[in-house]
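Analysis of the macromolecular model
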Amino acid sequence: MLTGHHLIAGEWVAGATTFASSPATGEAQQFAVGTPALVDRAVLAAEAAFPAYAATPRDQRAAFLDRIADEIEARGADITAIGSAETGLPPARLEGERGRTTMQLRLFASHIRKGDYLDRRHDAALPDRTPLPRPEIRMIQQPIGPVGVFGASNFPLAFSTAGGDTASALAAGCPVVVKGHSAHPGTAEIVAQAIAAAITACAMPAGVFSLIQGGRRDVGEALVQHPLIRAVGFTGSLGGGRALFDLCAARPDPIPFFGELGSVNPMFLLPAALAARGAQIAQGWAGSLTMGAGQFCTNPGIAVVIDGPDADAFAAAATAALAPMAAQTMLTDGIAQAYRDGRDRVAGSAGVRELLTSTCDMRNATPYLYEVSGEDWLSNHALGEEVFGPLGLIVRVRDAAQMEALAQSLQGQLTATLHLDAADHAAAQRLLPLLARKAGRVLANGFPTGVEVCDAMVHGGPYPASTNFGATSVGTLSIRRWLRPVSYQNLPAALLPADLQGL
């Protein structure tokens, strides 16, 4: 049963005003509107919970994460039903995303049990060293304090209430305050119910988690500017994320803002691969481009090819693969309108030619395909900006040198892909250093949609892909965002943190 309320430190709290959800199907429901006062209440509770939660043994925190996963799975049918109604995502997609959400919770449980993330170091004292003795120094990673997390529109589970930011912060020992996304408030509440049940079952401090529903811009601003919030996790638009990033930087005590913002995820089709299997790559690109109505941050929006007959064949194959694709429901009316605006921006740019166009209205999205020369792409910065949806742009460069110039001109990306065969290795060796500077993940002969949750994954990149190029929002390395190193010099063993004793 939905309450329509906020969850603040174990209490379901009504709001003075409500907003109506905007589901893709079914009836709208009323949810409490967040306020800066409620943010303050939640953050104060998080700060009160922090000392005890941070000191909780790792095996107990791991059991807590496992229990959250269990409680989410116990509510699986309800989550799928309301998530599909709110977002228009098919049940199979939501069930897969729920599995990813619970898997990453359990992955972090396993990760902190091992303890490697603590990066413990010990330099023994050297009392006889000359000209000066060395003290005994031990180092360990420590949790930073309460963390603010913003739910994402395109992932109601894996990047929202109990998603990767929340899971990694809780694993690190940091309480979390989530600002839910108004696109899926019912989904957020059911997941919050699961977390609340796990808090009770594991006897964790009540303030370790809170959910503030809805709210206007002032709610997000209050969260990132609250003096007790130590870091923020965000997945969303470049405009909204940059505004919050600037607020974090302008605080009297600036804090890190880990924003994952936008990317066109370019693919570079090298000549031998294009000649040998261009049609196959085109078909794969069409599937990746339209997956989930193109509403993935790793959606490969740009394909770069060297002009000529093989490029003609690739464009024809991509058009043929995209043409039968039916309209898909987008996550919100606002996202659908932004997609149409992006289409108009691309279509109206100098030198851009239509290969596939159609009509989409209301909350629907159909694929669009355009092409442009390398010269026109390089002269128009706007063509390198993300269009969130199933829109593809083929960039026809004149030769390998212009392909390298295009790679050099890219802004920061989450991913970059090389399609290559053995005969392309020399060209790939020239491109690879350029792409490694631009992207957090470089792929060969694949498609970037589908981000594996594992130890080696990097989901981030230079700005504007993310606001912190040294971090990732996916994979076990993401826990490092919520930790800071602390050295202890000449401390008696009995006073050291438990995880340093005996080192």
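As a starting point, this report considers the structure included with it. Computed from a predicted structure; not experimentally measured. (Residues numbered from 1 in each chain as written. Predicted model: local features only at pLDDT ≥ 70, side-chain atom pairs only at ≥ 80, totals over all residues. Heavy atoms only, no water.)

Right, let's get into the nonpolar core. Core analysis: the biggest nonpolar cluster contains 92 residues, and Phe64, Phe209, Phe268, Trp377, Val395 and Trp482 have the highest contact counts within it. The leading source of residues in this core is helix α6 (residues 185-201), at nine residues. Within the second largest apolar cluster, 22 residues are counted, among which are Ala42, Val219, Cys248 and Ile255. (Core = buried A, V, L, I, M, F, W, Y, C linked by side-chain atoms within 4.5 Å. Buried < 20%, exposed > 50% of the residue type's maximum accessible area, 1.4 Å probe, protein only. Helix = DSSP H or I, 4+ residues; strand = E, 2+ residues; numbered from the N terminus.)

Running from N to C, helix α3 (residues 76-87) and helix α4 (residues 91-114) cross one another at 130°; their axes reach a closest spacing of 9 Å. Viewed along their axes, α3 and α4 adopt a mutual orientation that is oblique. Pair α3 / α4 crosses with right-handed handedness. Residue-level inspection shows Gly76, Ile79, Thr80, Gly83 and Ser84 of α3 in contact with α4, the latter providing Pro91, Leu94, Glu95 and Arg98. Along the lines of polarity and charge, the residues of the contact of α3 with α4 split into three nonpolar, four polar and two charged. (Axes fitted to C-alpha atoms, helices over the stretch in contact; angles between N-to-C directions. Parallel < 35°, antiparallel > 145°, perpendicular 65-115°, else oblique. Left-handed = near helix turned anticlockwise from the far one by under 90°. Contact = heavy atoms within 4.5 Å. Nonpolar A, V, L, I, M, F, W, Y, C, P; charged D, E, K, R; others polar.)

What the three strands build is an open sheet, ordered β5-β6-β21; its pairing is antiparallel. The sheet terminates laterally at β5 (121-123) and β21 (483-489), the two strands that pair on one side only. Strand-to-strand twist of the sheet, defined as the mean angle between neighbouring strand axes without regard to direction, takes the value 25°. (Pairing = 2+ DSSP bridges.)

Moving on: the packing of aromatic side chains. Taken as a whole, this structure holds 11 aromatic pairs when the rule is applied. Between the aromatic rings of phenylalanine 19 and phenylalanine 31, the centroid separation amounts to 6.0 Å while the plane-to-plane angle is 35°, which identifies the pairing as tilted. Separated by 12 residues along the polypeptide, phenylalanine 19 in strand β3 (residues 18-20) and phenylalanine 31 in strand β4 (residues 30-32) bring together distant segments of the chain. Note on phenylalanine 19: relative accessible area 17%, which makes it buried. Taking relative accessible area as the criterion, phenylalanine 31 reaches 1% and is therefore assigned buried. Centroid distance tyrosine 53 to phenylalanine 64: 6.2 Å. Interplanar angle 80°. Geometry classified as edge-to-face. Placement of the pair is tyrosine 53 in helix α1 (residues 36-54) and phenylalanine 64 in helix α2 (residues 58-74), with a sequence separation of 11 residues. Judged by relative accessible area, which is 0%, tyrosine 53 ranks as buried. (Phe/Tyr/Trp six-rings, centres within 6.5 Å; stacked < 30°, edge-to-face > 60°.)

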